[in-house]
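# Commentary on secondary and tertiary structure
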Amino acid sequence: MKRTMIKNLSQMKGEEIIIKGWADTVRAQGKMAFFDFRDVSGKVQGVVFGKPEVLEVAKKISAEDVVEVKGVVNERNDKTAKEAIEEFKKTGVKDFFVKDVEIEITEIKVLAKSEIPFSLDEDLNLDVYLDNMPFTLKNPKQSAVFKVQAKIIQKFREYLNQNDFTEFMAPKIVGDDAEGGAGVYEVEYFGNKAGLATSPQLYKQIMVGVLERVFTVGQAFRAEKHSTSRHLNEYTSLDFEMGFIDSYKDVMKMHNGLLKYIIDEVQKEMQTELEEYGVEKILAPEEFPVMSLPEAQELLEREFEGVKAVGEPDLEPEHERLLCQYAKENLGSDFIFITHYPVSKRPFYTFKSKDMDGMTDSFDLLFKGVEITSGGQRIHDYDELVQSMKDKGLDPEKFSFYLQAFKTGIPPHGGIGLGVERLTQKILGLDNVKKATLFPREINRIDTLLNK
Ligand code: AMO
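Residues numbered from 1 in each chain as written. Predicted model: local features only at pLDDT ≥ 70, side-chain atom pairs only at ≥ 80, totals over all residues. Heavy atoms only, no water.

## Some points on the sheet that holds strand 17 (residues 441-442)
Strand order in the open sheet formed by three strands is 17-18-19, and the pairing between neighbours is antiparallel. Because the sheet does not close on itself, it has two edges, and the strands there are strand 17 and strand 19 (448-449). The pairing of strand 17 with strand 18 (residues 445-446) spans two bridges and is antiparallel. The partner of Glu442 across the bridge, within strand 18, is Arg445. (Pairing = 2+ DSSP bridges. Helix = DSSP H or I, 4+ residues; strand = E, 2+ residues; numbered from the N terminus.)

## Quick notes on the pattern of salt bridges
If you walk through the whole model with that rule in mind, you get 37 salt bridges. In this structure, Asp334 engages Lys328 in a salt bridge whose closest nitrogen and oxygen atoms are separated by 3.1 Å. Among the ionic pairs, Asp364 bridges to Arg346, the shortest N-O distance being 3.0 Å. One end of the pair, Asp364, is in strand 14 (residues 362-367); the other, Arg346, is in the loop between strand 13 (335-339) and strand 14, and 18 residues separate them in sequence. For Asp364, a relative accessible area of 3% translates into the label buried. Note on Arg346: relative accessible area 10%, which makes it buried. Look at the salt bridges and you will find they share partners, linking Lys151, Lys155, Glu158, Glu265, Lys268 and Glu269 into a network. (Salt bridge = Lys/Arg side-chain N within 4 Å of Asp/Glu carboxyl O. Buried < 20%, exposed > 50% of the residue type's maximum accessible area, 1.4 Å probe, protein only.)

## Structural notes on the sheet that holds strand 15 (residues 370-377)
Pairing between sheet strands relies on hydrogen bonds along the backbone, with the strands arranged either parallel or antiparallel. With mixed pairing, the eight strands of this open sheet are ordered in space as 6-10-11-16-15-14-13-12. One side of each edge strand has no neighbouring strand; the edge strands of this open sheet are strand 6 (166-167) and strand 12 (290-292). As paired strands, strand 6 and strand 10 (residues 213-221) are joined by two bridges and run parallel to one another. By the bridge assignment for strand 10, Glu167 is matched with Phe215. In this fold helix 9 (residues 293-303) packs onto strand 12 and strand 13, with an angle of close to 95° to the strand it touches most, strand 12. (Contact = heavy atoms within 4.5 Å. Axes fitted to C-alpha atoms, helices over the stretch in contact; angles between N-to-C directions.)

Here is the structure:
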């Protein structure tokens, strides 16, 4: 007999089936044993009653054993089942726990035994959760985060493919730092010095000269000693870069369309997972609000008492939070673009603004209180780019490979880099980016704590 996925059991009332999954919870009482079984698609209750030989096996099963269960699908008529049906009628959202049927078990086989450190339902502090990730991730509420993340990446690819972009793989071992700043992990490379890529920046720009519109999904490494709820030392960067733009506004337009698509599709296809986290409708309008940095700073001082922001070269995390609050309450958007950051605060490749002296044609996108994207137009003129490197104290010789692209015909171009963990975190309303990261690398941890 073929395996049935748990989510499909409601349509199989009265039939004999086999499911495979984990014994999620186990309760044996006298002549009966109750289970919740879980597979990737859902949870369901199973009962052993009046079958001594099955009961004998059932009593030896413990939580998280991997099992194969044969049985008959019976309708459930208890209060929980009725409530679940009502809830479904009201919201149209399917519960992960299939409550309108249960399995009358006729046979159980243990495929793998398990020994668990604590119950999956326990409330855990972040360190215990991270220390035990191969186990704690099995909690469907935790794994839902990574289903949502996978959907974001799928939709990112889908939208860009539909818009004539080509995906490419950027190298992660690099000779120089893409952002031209600090924060590179050094790698010993056959007697030479190399580094781990802080971003695919240089390669995506090179590829604009080749394919015009490109995107890439991959790890980026930042050797920064941050310990905050928004920083990781390894994150997944979603990047695109496009040629023949008239200005940074074309990049913002593409990014706006892309994010609206991702948000709309995730809200449509991941209802069950979003419901787990009580996510309210995310406001992603056709046109996200846009403000220049000086405008945003003035607004902050005008709207929020005691805030000092005007004249600062950058926004503080608290400013980003307040600007998002303002955009949600007054502009009907959970997103807001902030443009025109000063030359001193942006990397060497950033296009200098023709209208605002000392500023760049660059932007950040803020979402629910945090910066999720940086982007902008890039310098495409060879001489100007070399000068910009020198102004930042960088040696153009070290970038000679990259600079070939600017000698061999590169159109005006721009793009963005988006941190997928921050986007996932903010969609689900998680309080720490590490909760939206599979196996986070942080200052004190590579899987387990360092220097125990
Ligand atoms: P930037 O350095 O601003 O820009 O990074 C872009 C986005 O990547 C994510 N991100 C991080 N997420 C978690 N932990 C970190 N330490 C971390 N650092 C960055 C954020 C951030 O907004 N090359 C440019 C992008 C471009 O202009 O195309 C860049 O990397 O979500």
